[in-house]
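# Structural characterization, general
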Amino acid sequence: MNAPKVIASTKSPGNHFKLKGLGVVISLVITTIAIFALTHTLKSIDTDEVFAVIRHTDISLIVLAAALVIVSYISLTFYDLLALRTIGRSDVPYRIAALASFTSYPIAHGIGAVSLISPVIRFRVYSFHGLGAFDVVNICFLTGLTYWLGNLTALGIGLFFAPDAISLVDFLSPKVNQWLAAALLLGVSGFLVWCCYPRNIGTRRWPVRLPSGPLVLLQIVIGVFDLGAAALAMYVLIPAGPNIGIFPIMAVFIAATLLGFASHTPAGIGVFDATFLIGLGNGDKEPLVAALLMFRLMYHFLPFILALGVFGLVEAWRGLRRRKLK
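Residues numbered from 1 in each chain as written. Predicted model: local features only at pLDDT ≥ 70, side-chain atom pairs only at ≥ 80, totals over all residues. Heavy atoms only, no water.

Secondary structure summary: the protein chain contains twelve helices and three strands in total. Put simply, the protein chain has 326 residues, and 44% of those count as buried. Intrachain contacts of the protein chain at a sequence separation of at least 6 include 72% that bridge at least 24 residues. Surface summary for the protein chain: the accessible area is close to 17,000 Å², and the carbon and sulfur share equals 72%. (Helix = DSSP H or I, 4+ residues; strand = E, 2+ residues; numbered from the N terminus. Buried < 20%, exposed > 50% of the residue type's maximum accessible area, 1.4 Å probe, protein only. Contact = heavy atoms within 4.5 Å. Areas by Shrake-Rupley, 256 points an atom, 1.4 Å probe, with all protein chains shown as cover.)

A cluster of nonpolar side chains, namely Leu297, Phe301, Leu302, Ile305 and Leu308, defines an oily patch on the protein surface of about 460 Å² accessible area. Summarising the element assignment, isoleucine 305 is placed in helix 12 (residues 286–325). With a relative accessible area of 43%, isoleucine 305 lands in the partly exposed category. (Patch = residues over 30% accessible without salt bridge, like charges linked within 9 Å, V, L, I, M, F, W, Y side chains within 5 Å. Salt bridge = Lys/Arg side-chain N within 4 Å of Asp/Glu carboxyl O.)

This brings us to the environment of isoleucine 45. Following the sequence through the fold, isoleucine 45 ends up in the loop between helix 1 (13–42) and helix 2 (47–55). Accessibility expressed as a relative area gives 14% for isoleucine 45, which makes it buried. Taking C-alpha positions, isoleucine 45 is 7.0 Å from lysine 285, a pair spaced 240 residues apart along the chain. Setting aside residues no more than four positions away along its own chain, isoleucine 45 makes contact with Val50, Lys285, Glu286 and Val289.

Moving on, we come to the packing of helix 6 (residues 133–161) against helix 9 (residues 213–237). Axis angle and axis distance: for two packed helices, these are the angle between their axes and the distance between the axes, and together they describe the pair. Viewed as axis vectors pointing N to C, helix 6 and helix 9 meet at an angle of 65°, and their least axial separation amounts to 7 Å. Of the possible angle classes, the one that applies to helix 6 and helix 9 is roughly perpendicular. You can see that helix 6 and helix 9 cross each other, and the crossing is right-handed. Along its contact with helix 6, which presents Leu142, Leu145, Thr146, Leu149, Gly150, Asn151, Thr153 and Ala154, the element helix 9 presents Val216, Gln219, Ile220, Gly223, Val224 and Leu227. (Axes fitted to C-alpha atoms, helices over the stretch in contact; angles between N-to-C directions. Parallel < 35°, antiparallel > 145°, perpendicular 65-115°, else oblique. Left-handed = near helix turned anticlockwise from the far one by under 90°.)

Attention now goes to the packing of helix 4 (residues 94–111) against helix 5 (residues 114–126). Viewed as axis vectors pointing N to C, helix 4 and helix 5 meet at an angle of 155°, and their least axial separation amounts to 8 Å. The angle between helix 4 and helix 5 places the two elements in the roughly antiparallel class. Between helix 4 and helix 5 lies a crossing whose hand is right-handed. Seen from helix 4, the contacting residues are Ile96, Ala97, Leu99, Ala100, Thr103, Ser104, Tyr105, Ile107, Ala108, His109 and Ile111; seen from helix 5, they are Val114, Ile117, Ser118, Ile121, Arg122, Val125 and Tyr126.

Let us now look at the nonpolar core. With 51 residues, the main nonpolar core has Met234, Phe253, Phe276 and Phe295 as its most contacted residues. For this core, the elements supplying multiple residues, two or more each, are helix 2, helix 3 (59–86), helix 6, helix 9, helix 10 (246–263), helix 11 (271–280) and helix 12. Setting aside anything within four residues of it in sequence, one finds phenylalanine 253 in contact with Leu227, Ala230, Ala231, Met234, Phe272 and Phe295. Counting 24 residues, the second largest nonpolar core, distinct from the first, contains Ala83, Ala108, Val114 and Ala307. (Core = buried A, V, L, I, M, F, W, Y, C linked by side-chain atoms within 4.5 Å.)

Another point: the side chain of asparagine 151. Relative to the helices and strands, asparagine 151 is located in helix 6. What makes asparagine 151 buried here is its relative accessible area of 0%. Those residues in contact with asparagine 151 that lie beyond four places of it in its chain are Leu227, Ile254, Thr257 and Leu258.

What follows covers a negative patch on the surface. A grouping of Asp46, Asp48, Glu49 and Asp284 is seen on the molecular surface, where their side chains present a negatively charged patch. Mapped onto the elements, aspartate 48 comes out in helix 2. Under the relative-accessibility criterion, aspartate 48 is labelled exposed at 60%. (Lys, Arg positive; Asp, Glu negative; His and termini not counted. Charge placed at Lys NZ, Arg CZ, Asp CG, Glu CD.)

The subject of this paragraph is the side chain of threonine 143. Relative to the elements of secondary structure, threonine 143 occurs in helix 6. Using a relative accessible area of 2% as the deciding quantity, one classes threonine 143 as buried. Here threonine 143 is in contact with Tyr79, Asp80, Ala83, Tyr105 and Arg122, once residues within four sequence places are set aside.

Another point: the environment of serine 101. In this structure, serine 101 sits in helix 4. What makes serine 101 buried here is its relative accessible area of 1%. Ignoring any residue separated from it by four or fewer positions in sequence, one finds serine 101 in contact with Leu76, Thr77, Asp80 and Pro106.

According to the stated counting rule, one finds four salt bridges in the structure shown. Here aspartate 80 ties to arginine 122 by a salt bridge, and the two come within 2.9 Å at their closest N and O atoms. Of this pair, aspartate 80 sits in helix 3 while arginine 122 sits in helix 5, and the two are 42 residues apart along the sequence. Note on accessibility: aspartate 80 and arginine 122 belong to one class, buried. In this structure, aspartate 91 and arginine 89 form a salt bridge, with 2.9 Å as the shortest nitrogen-oxygen distance. Classification of aspartate 91 by relative accessible area gives exposed; the value is 51%. With a relative accessible area of 18%, arginine 89 lands in the buried category.

If you want it as structure tokens, here you go:
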């Protein structure tokens, strides 16, 4: 049975460059504002107190946060696995999906050019197993879809139960934020209903297959689980003093993540931190800065170094294998 196709309208090159230019301007504006706000915020920070908070953090909490980070990265591997199943490549084993996911995400986010680096790394991994460039484009689109569905759902949940969480960031009243949360959740629900039947988007020559309703629901669950684990890792690293609830943490964490992604800076540096400190920093900011430093080490720096090493070893092994076959 042929799946119905939605044919996307073709954009002129002029419109494409205008949109790209607008994106660059928005990224620069977000980055500039965030760096200014972060610089202003950090002026009053007592660095000795920050390191004292880090030294006195219970080792069991650090281990728990590290375990949650690992859970978050494991759940990321299912982004690629679901994408492979959606495009009909069930022959590609989970270990390859996990390799592509773990190498592409930390490296691409660590460098900052996610839309450029991530497809290149995935192509290097998947081409060895018979996938072409268009297959990789499909996978990148579908993994991005999972990422955004999870982000928007988690942001909607966090904002709905803690509508005042990002009022210091978006300058909107808690009531308006709650309506925005409801709109986000309704939008995701509408997309889920729309995908009850298999659909394609794109053109007749280059169709991009969308997942069906049950797979979309699974995408949402995995995306929320991934982001929830990462937000919980941050939550357990914050000392008991600030007494911040999990829903405000989730809302601010995801807003910071999205703004960091929009800025295209490496690991959202500056933008993520400024949003997090402004959104939650009504009191002493030293505990939050300490939690940020520990989280960044666990979630960004160490996975980035490990992913570079793994990718380098895989490329070296495949290069040696090709030479032996010659």
